Structures are given as structure tokens and as C-alpha cells.
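Listed below, chain by chain, are the residues.
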Amino acid sequence: MRQDSQMLLTPTEMALADSAAVKKGVPAVSLMAAAGFAVVEAIRRRWSKRTVLVLCGPGNNGGDGFVIARLLHTAGWPVCLAFHGDETSLSKEAMHHFKAWQGRVETFSDALFDGVELVVDAMFGAGLSRPLDARYRDMVNAMIARKLPICAVDVPSGVDGSTGKALGEVAPAALTVTFFRKKPGHLLFPGRALCGELVVADIGIPEQVLVDINVQTWENSPELWCQDYPWPRLEGHKFHRGHAVVYGGESTTGASRLTARSALRIGAGLVTVTAPSRVWPIYAASLISVMATSLDEGREQEAFAELLIDARHNAICIGPGAGLQGEEKVRTRHAVLSALATKRAVVLDADALSAFSDDPHTLFDAINGPCVMTPHEGEFVRVFPEINNSPEINNVHATDKVTRARLAAKLSGAVVLLKGADTVIASPDGQAIINSNAPAHLATGGSGDVLAGFIVGLLAQGMAPFDAAAAAVWLHGEVANVFGIGLIAEDLPECLPGVLSDFKQHYCSTEN
Ligand SMILES: NC(=O)C1=CN([C@@H]2O[C@H](COP(=O)(O)OP(=O)(O)OC[C@H]3O[C@@H](n4cnc5c(N)ncnc54)[C@H](OP(=O)(O)O)[C@@H]3O)[C@@H](O)[C@H]2O)[C@H](O)CC1
Ligand SMILES: [K+]
């Protein structure tokens, strides 16, 4: 996966890009000048001339602030620049721009905010290494109290660019201007909410510097996987489009029916729901294009395993409505192990994960083929207690969502899709994708069942697990955006065809 435009750089990787650019002959002082210029451009596009307070910190984020203050002043804006830090410790480039500022340099105080209409937050960016010291914290609290519009340089001060975590109180920005590429912290909550509008500015770093950086994190977009999207082919046949099996439970029958319909809508050639014979009539009466197969009473486990002997059943989804009560839990576990034993593509969601909360390693040991797990936070904690309980695994801090998903993928051998407003998809080889298109109204009952259906439907058509998971999540979010507020889970598969047509037109120019 090498889609340069979708790459997300951690602050450490950004520093590598920065120094590689300098090695290629772009002076650091020019990078800083370009960064400041880009912020001023973004400010002038958004706000008319007004009184600005530029708060500068001790590092190069503050250096950008010196440039911003100078350029706004030159443009005739009333500017107040305040700096807190050790002047003698400024980097060469920051010192260069500090000296170029001809006006007064104020010390931090609450009174600075009087009469101000816009604040530029250039206190800390990529170099933040700990919660803010008291003087900076006071300014953050004043910004929060004054409710003034804020333009943050690179990140709002206090947000960790690699994790999106807030190291203490953070004043939310109306606009954040970052450089070269987005950082994971711009997409992960709470960072995402604190950034406001996000602008990525070109500051003259050559694209070639990316070749030597082993980037492993991307923002989800069809550009990452549209090449491999399994469009129906004219010479195709429904048997070429796979046969998905969805395991249906006894009590919450709607969940697996939603999953099955979604698998069919996204293009699986055939979809079968299996159901215990006691409840089979519910499935049979309500399904039309999805087939319902009855599992004989008393030998449901054997019957499910027997169904899977037919290798045409090439993708299996277990979890939505599978059941966790008494005997149902035993059957759910058995179904999962039978499915994994086939080494065909398997999606494990909801109850299929919780059923292994007592002995997750039994589950991990059984994963030896293509598998996607789709836990929400609660299920993640149940299945990966060691990642959750230990702050550090193999010297990696396992507290942020991307790292946790990566570790889980490595531990289990499955692609792990950790759901939420900022869903992360991680592959056992370390690659991770952060999704950013899900609207708030997608959080509705049954929406996870639909997602599992989209994934198993794509797997049935031969898409690789990591791509299938990323494509399903993006399409899921896109459908919700197109449908709008008032969405219920049933709307998702029904609204998918229009979204698929638009997506095909925009991203897949050549006919398959
Ligand atoms: N990378 C690029 O291509 C460009 C980046 N630009 C801008 O530069 C910043 C990153 O600059 P950097 O100097 O690395 O980091 P910061 O400005 O964020 O701050 C580092 C200094 O702050 C001290 N620090 C860190 N945390 C705290 C804290 N909680 N309280 C007080 N002081 C703190 C840190 O001290 P240490 O003791 O930790 O070493 C540093 O002194 C990037 O965000 C961009 O805005 C360029 O100008 C353009 C190119
Ligand atoms: K900042």
C-alpha cells in the first residue's frame, strides 16, 4: 500500500521528512517561512482584518508564530506577539525569524487578550513531550475562558500529534493549519474535535522524502483500495461472486438478517443464513433473495460444520445476534472454531468475540487464515485484556487507538477493525488505516451488523481482508452521509447502490 496522498506522518516521521528536505537543499529557515506564510494565507481566507494575538512557544512551532506575526503586521493587521521560553535556546531558524520581528515581544499574561479578536496558537506542535508547564497552561485556560476564535499552528497546543490525545486542557481551534501531510492526531479523537477545520499546506518539502520513510498509517480513502474493488464482470456469473454464509442465532434474529442483506447488496453472488430449526421459520418467512438453511435441533454444531464442507461457501460471518446465553454461547464458540478451521475468509463480530472473553488465546490460536475482527471498544477490552491492562507491551505504549489495534492484529493474526467515530483498521503486518468519514448519526442500532455484512460480502468476492475492511468502513460512512439524519440500519444496504455508482464513477475510471 503506497498512496502518498493518504499517508499520515507521526511527529517523528514528520521530523524525518523535515530533515530530509533540508538535506535535499531546502533551507530550514525557508520551511519555517513557508509554514508561517501558509498559516497567514489560511487566516486571510477565513477572517477579515482584525486584532490578533500570536502566542509563541519555545520551539519551532513558536518559530512559525514569529513569521505569522510579521506577515500579518506587514499586511496591516494589528498584531501583538507574546513569547514564553528561553530565547537563547531557539533553533537557528526560529532565531532568524525572531530577529526579523520588529515589534514588541510581550510576556504571557491574561491582560493580553483584552481587545483581541483572533488568537494564533503557536505554543507547541510536534515537539510536545509532556503536559504543558504552568505558564502555557494559564494561557490555554485564558483562551478557553475568553472563547475567542483560535487558529492553531500544526496542532492545538496540548494535542499529541501521533495519538490525538490531549495532554491536559486544550483550547479548541476553529482552524488548524498543518504542513505537508496530516498527522494521526488530526483524525483520532479527541484531537479531531479540537482541530476544527483542518488545512494541509505545502511548504516545499519534496515528495521524494517519503520514499525513505517507512510510513505505516493512512487516512481511509477509495484511493487506497479502489484498484482491487471487485466490480461485477460482464462475463461473470453469480458463482464467481462468492457465497457468503451468515450464522444466525435464536433470539436477535434481525441482526444476522441485516448482515446477510448487506452482504448481498455489496455484491456477494449468494448469501445463506443458517438458523437453528426452532427459529428457522422466522428467517425463512422474512428472507427472499437470501437463503435460509435450517440446522437440525440437537446437532446444530455438527450441521453447521457439515455445511462448511462445501468449499463454495467461501466467506463466513459469525457474531451478529449469534447469542451468548447458556448453550447458545457453546454453539457460537463452536461455530467460530469450525469456520476458522476451514481457513476460508471469516468475519468475527459482536458475540463471536465476546464468547471468547474467558480464553481469547483459544481464538487467536485458531486463526490461521484470512480473518477480520470487528470489535467496538467494549468487545476489544474483553478479547484483548492484556493490551488493555498493560500500559506497555514490547516497549510500545499501548494506550492510543492505532497502537492498540496494531498490537491486537499482531497478537491475534487477524485484521482488527476497532470501531468508533474514528474507526481504525490494523493488519498483522503493522499497516493501519484511520477512517474519517463517519457521521455522528451512523451510531445507531444494527449499523455494526451491516458493516459486518459489507465486509463478508467483499471477502466472498475475493477482496483481501485489509482492503475489504477499509472499503466496507468507507462505504458504510459514505452511505450514512448521503442518507443523512434519520438513518436507521435498514437504510444502509438500501442506499448502498447509489453510493456504489458514484464511487465507481469517481474513483474507477476504467471499466472492469
Ligand atoms: N517539521 C517540519 O517540517 C516543520 C516544522 N515546523 C514547525 O515546528 C514544529 C515542531 O517544532 P519543535 O521544535 O520540534 O517542537 P515544538 O515547537 O512543538 O516544541 C518543542 C519545544 O518545547 C519544549 N516542550 C515540549 N513540551 C513542553 C511542555 N509541556 N512544556 C514546556 N516546554 C515543552 C521542548 O523542550 P524539551 O525539554 O521537551 O526538549 C522543546 O524545546 C512543528 O509543529 C511546526 O509547527 C516548521 O517551522 C516548518 C517545518
Ligand atoms: K500549536
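For clarity, every value in this text was computed on a predicted model and none was experimentally measured.

(A) Quick look at the sheet that holds strand β12 (residues 313-318). Reading across the sheet, the 10 strands line up as β8-β19-β18-β17-β14-β13-β12-β9-β10-β11 and stay open at both edges, with mixed pairing between neighbours. Both outer strands of the open sheet, β8 (217-219) and β11 (291-295), are each paired with one neighbouring strand and no more. Neighbouring strand axes in the sheet, compared pairwise and without regard to direction, differ in orientation by 20 degrees on average. Looking at chain direction, strand β13 (residues 345-349) and strand β14 (residues 371-374) are connected through four bridges and run parallel.

(B) Region of the structure containing the site of ligand 1. Close to ligand 1 lie 29 residues; D18, G59, N60, G125 and G127 are nearest. Going through the elements one at a time, α1 (11-23), α2 (28-46) and α3 (60-74) are the ones with two or more residues in the shell around ligand 1. Sort the elements by how many residues they give to the shell around ligand 1 and α3 lands first, with five residues. Residue composition of the shell around ligand 1, by class: 15 nonpolar, nine polar and five charged.

(C) Structural context of the sheet that holds strand β2 (residues 79-83). Reading across from one edge, β3-β2-β1-β4-β5-β6-β7 is the order of the seven strands in this open sheet, with parallel pairing throughout. Looking at which strands have only one partner, the edges of the open sheet turn out to be β3 (105-106) and β7 (197-201). Summarising the sheet, strand β5 (residues 150-153) and strand β6 (residues 175-179) pair through three bridges and their orientation is parallel. By the bridge assignment, V153 is partnered in β6 with V177.

(D) Summary view of the UniProt feature "binding site: AMP" (unreviewed entry) in the chain. Taken from the UniProt record, the annotation "binding site: AMP" (unreviewed entry) applies to K419, G420, A421, D422, T423 and G448. Across 30 residues of sequence, these annotated residues stay compact in space, with a maximum C-alpha separation of 14.1 Å. By secondary structure assignment, the location of K419 is in the loop between β17 (415-418) and β18 (424-426). Apart from residues lying up to four places away in sequence, K419 is in contact with T374, P375, H376 and G448. Locating G420 in the fold gives a position in the loop between β17 and β18.

(E) Representation of the packing of α2 against α3 within the structure. One way to put it is that α2 packs onto α3 with a least axis distance of 8 Å and a crossing angle of 55 degrees. Looking at the two axes, α2 sits oblique to α3. The handedness of the crossing between α2 and α3 is right-handed. The residues of α3 that touch α2, namely those facing M32, A33, A35, G36, F37, V39 and V40, are N60, G63, D64, V67, I68, L71 and L72. A class-by-class count of the residues in the contact of α2 with α3 yields 10 nonpolar, three polar and one charged.

(F) Highlighting unusual backbone geometry. Cis geometry is found at the peptide bond from F189 to P190, where omega equals 5 degrees. As for its placement among the helices and strands, P190 is situated in the loop between α6 (184-187) and α7 (191-195). A positive phi angle is found at K147, which is not glycine, with a value near 55 degrees. With respect to the helices and strands, K147 occurs in the loop between α5 (134-146) and β5. When the 9 C-beta atoms within 10 Å are taken as the criterion, K147 is described as exposed. Not every positive phi belongs to a glycine, and F180 is a case in point at roughly 75 degrees. By secondary structure assignment, the location of F180 is in the loop between β6 and α6.

(G) Geometry of the pairing of β12. Counting buried residues in β12 gives six out of six residues, a clear majority hidden from the surface. Bridge analysis of strand β9 (residues 243-247) against β12 gives four bridges, and the strand direction is parallel. Counterpart to H243 in the pairing with β12 is H313. Handedness of the β12-helix α12 (residues 327-341)-β13 crossover: right-handed.

Calculation rules
- Per chain, residue numbering runs from 1 following the sequence as it is written.
- To read the labels, note that chains go from A and ligands from 1, taken in the order they are written.
- pLDDT decides what is reported in this predicted model: residues at 70 or higher carry local features, side-chain atom pairs at 80 or more are listed and counted, and totals for whole chains, interfaces and linings draw on all residues regardless.
- Here, any two strands with at least 2 DSSP bridges between them count as paired.
- Starting at the N terminus, helices and strands are each numbered in turn, a helix being any DSSP run of H or I of at least four residues and a strand any DSSP run of E of at least two.
- A fitted line through C-alpha atoms serves as each axis, taken over the contacting stretch for helices, and the angle formed by two N-to-C directions is quoted from 0 to 180°.
- Using a C-beta atom placed from the backbone, a residue is described as near a molecule or strand when that atom lies within 6 Å of it.
- Ten residues, namely Ala, Val, Leu, Ile, Met, Phe, Trp, Tyr, Cys and Pro, are considered nonpolar, four, namely Asp, Glu, Lys and Arg, are considered charged, and the remaining ones, Gly among them, are considered polar.
- UniProt positions are given in the numbering used here, feature names are shortened, and annotations may be inferred rather than shown by experiment.
- This entry defines residue contacts through backbone-placed C-beta atoms, with two residues in contact when those atoms are within 7 Å.
- These descriptions rest on fixed angle ranges, namely under 35 degrees for roughly parallel, over 145 for roughly antiparallel, 65 to 115 for roughly perpendicular, and the rest for oblique.
- Crossing handedness is read from the near helix: turned anticlockwise from the far helix by less than a right angle, it gives a left-handed crossing, and turned clockwise, a right-handed one.
- Field definition: a residue is buried when 20 or more other C-beta atoms are found within 10 Å of its C-beta, exposed when 12 or fewer are, and partly exposed for counts in between, with C-beta atoms placed from the backbone.
- Look down the strands so they point away from you; if the path from the first strand over the helix to the second goes clockwise, the crossover is right-handed.

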